[in-house]
Amino acid sequence: ENTRISPGEGEVQYSNGSYGNMTSLGAIEIKANNFMDFSFGHGKTFLGEGYRSLFLSDAAGNNLFGRLDFNIGKIAKYSAIVGEYIHYHPSDPAIGDVVRQKKYASVHYLQTKLWKKVIIGLYEAAIWAGDSSGRSNLELNYLNPFVIMRPVEHRLGSPDNMQIGSQIKYIPTNSMTFYGQFLLTELKVSEFFGG
């Protein structure tokens, strides 16, 4: 009731003790060859392991996305995702035609098998909002799926939020999996040690 947000659905409308929401999803996927898939649509995206991944979880509502996946056999998988997200805030009007603030994300994720039962993953993301940083459009520099984004972000001098993460998964048996994830978001050492 306070936030008007439902996990996995996004914004809901609350009126006279009842809740309601509208959901729309759809996508097109093109399998270019045995190694590359391209998806474009409005729906959910997920990266990582577990019921709720630290990297990119499907707990949010549907969003516009483009996704490029590369599969190098059973050795490695690489995903590049660009998404548009809507910023919901409890102070926004509950009903009516209101243009919500948007933020965008460019995400890269590499997963590779180290040994037969050990898999590691490396994650990076740049999250930027046109409304907060003085830009009102997509940052084209982040659309390159094969670039390490932190140097690009630094060169732009942008205030965007950068995230890096890693994951390890161990599969001792077919019915058991252990995994761990680590996510670091926008750590500024001078601010961290400056109080």
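Our subject is the structure that appears above.
Within each chain, residues carry numbers counting from 1 in the order of the written sequence. Local features are withheld for residues below a pLDDT of 70 in this predicted model, meaning they are given only at 70 or higher, and side-chain atom pairs are given and counted only at 80 or more; totals for whole chains, interfaces and linings count all residues. Side-chain calculation: all heavy atoms of the structure are included, whereas hydrogens and water are not.

**Description of the overall build of the chain**
The secondary structure content of the chain amounts to three helices and twelve strands. Here the chain, with 195 residues, has 32% of them falling under the buried criterion. Whether two residues are in contact is decided by their heavy atoms, any of which lying within 4.5 Å being enough. Sequence-distant contacts in the chain: of pairs separated by 6 or more residues, those separated by 24 or more amount to 47%. When the accessible area of the chain is evaluated, it comes to approximately 12,700 Å², of which 59% is carbon and sulfur surface. Each helix is a run of DSSP H or I of at least 4 residues and each strand a run of E of at least 2, with the numbering of both proceeding from the N terminus. Per-residue accessibility, obtained with a 1.4 Å probe over protein chains only, is compared with the maximum for each type, and a residue is labelled buried under 20%, exposed over 50%, and partly exposed between these values. Where accessible areas are quoted, they stem from the Shrake-Rupley method and a 1.4 Å probe; at the residue level, only the protein chains shown are allowed to cover.

**Overview of the pattern of salt bridges**
Salt bridges are defined by distance alone: a side-chain nitrogen of Lys or Arg within 4 Å of a carboxyl oxygen of Asp or Glu. Per the stated rule, a full pass over the model turns up five salt bridges. With its nearest N and O atoms 3.6 Å apart, the salt bridge here joins Asp37 to Lys31. Among the residues examined, Lys31 registers a relative accessible area of 53% and is labelled exposed. Here Glu84 ties to Lys102 by a salt bridge, and the two come within 3.8 Å at their closest N and O atoms. Highlighted residues: Glu84 in strand 8 (residues 76-87) and Lys102 in strand 9 (residues 101-115), separated in sequence by 18 residues.

**Focus: the nonpolar core**
With eleven residues, the main nonpolar core is built from Leu47, Phe55, Leu56, Phe65, Ile81, Tyr85, Ala105, Val107, Tyr109, Tyr123 and Ala125. The set of elements that each furnish at least two residues to this core consists of strand 8, strand 9 and strand 10 (118-128). Every residue in contact with Ala125, bar those within four places of it in the chain, is listed here: Ser106, Val107, Met149, Asn161, Met162 and Gln163. Among the buried residues, those of types Ala, Val, Leu, Ile, Met, Phe, Trp, Tyr and Cys that are joined through side-chain atoms within 4.5 Å form a nonpolar core.

**So, the packing of aromatic side chains**
Here a pair means two rings of Phe, Tyr or Trp (six-membered ring of Trp) with centres within 6.5 Å. Their orientation is stacked below 30 degrees between planes, edge-to-face above 60, and tilted elsewhere. With the rule as written, the count across this model stands at four aromatic pairs. A ring pair is formed by Phe55 and Tyr123, whose centres lie 4.6 Å apart and whose planes are at 10°; its orientation type is stacked. With a gap of 68 residues between them, Phe55 in the loop between strand 6 (36-43) and strand 7 (63-72) and Tyr123 in strand 10 connect regions that are remote in the sequence. Both residues of the pair, Phe55 and Tyr123, belong to the buried class.

**Concerning a nonpolar patch on the surface**
The residues that make up patches have over 30% relative accessible area and no salt bridge, and they are joined within 9 Å when like-charged or within 5 Å when they are Val, Leu, Ile, Met, Phe, Trp or Tyr. A cluster of nonpolar residues, Ile28, Ile30, Phe38, Phe40 and Leu64, forms a patch on the protein surface that exposes about 450 Å² of accessible area. Listing elements by their share of the nonpolar patch, those giving two or more residues are strand 5 (26-31) and strand 6. Along the polypeptide, Phe38 turns up in strand 6.

**What about the sheet that holds strand 10?**
When DSSP finds two or more bridges between a pair of strands, those strands are recorded as paired. Ordered in space as 5-6-7-8-9-10-11-12, the eight strands form an open sheet in which the pairing is antiparallel. Where the open sheet ends on each side, the last strands, each with one partner, are strand 5 and strand 12 (176-185). Each strand axis lies, on average, 15° off the axis of its neighbour in the sheet, ignoring direction. Helix axes are fitted to C-alpha atoms over the stretch in contact, other axes to C-alpha atoms as well, and angles between N-to-C directions run from 0 to 180 degrees.

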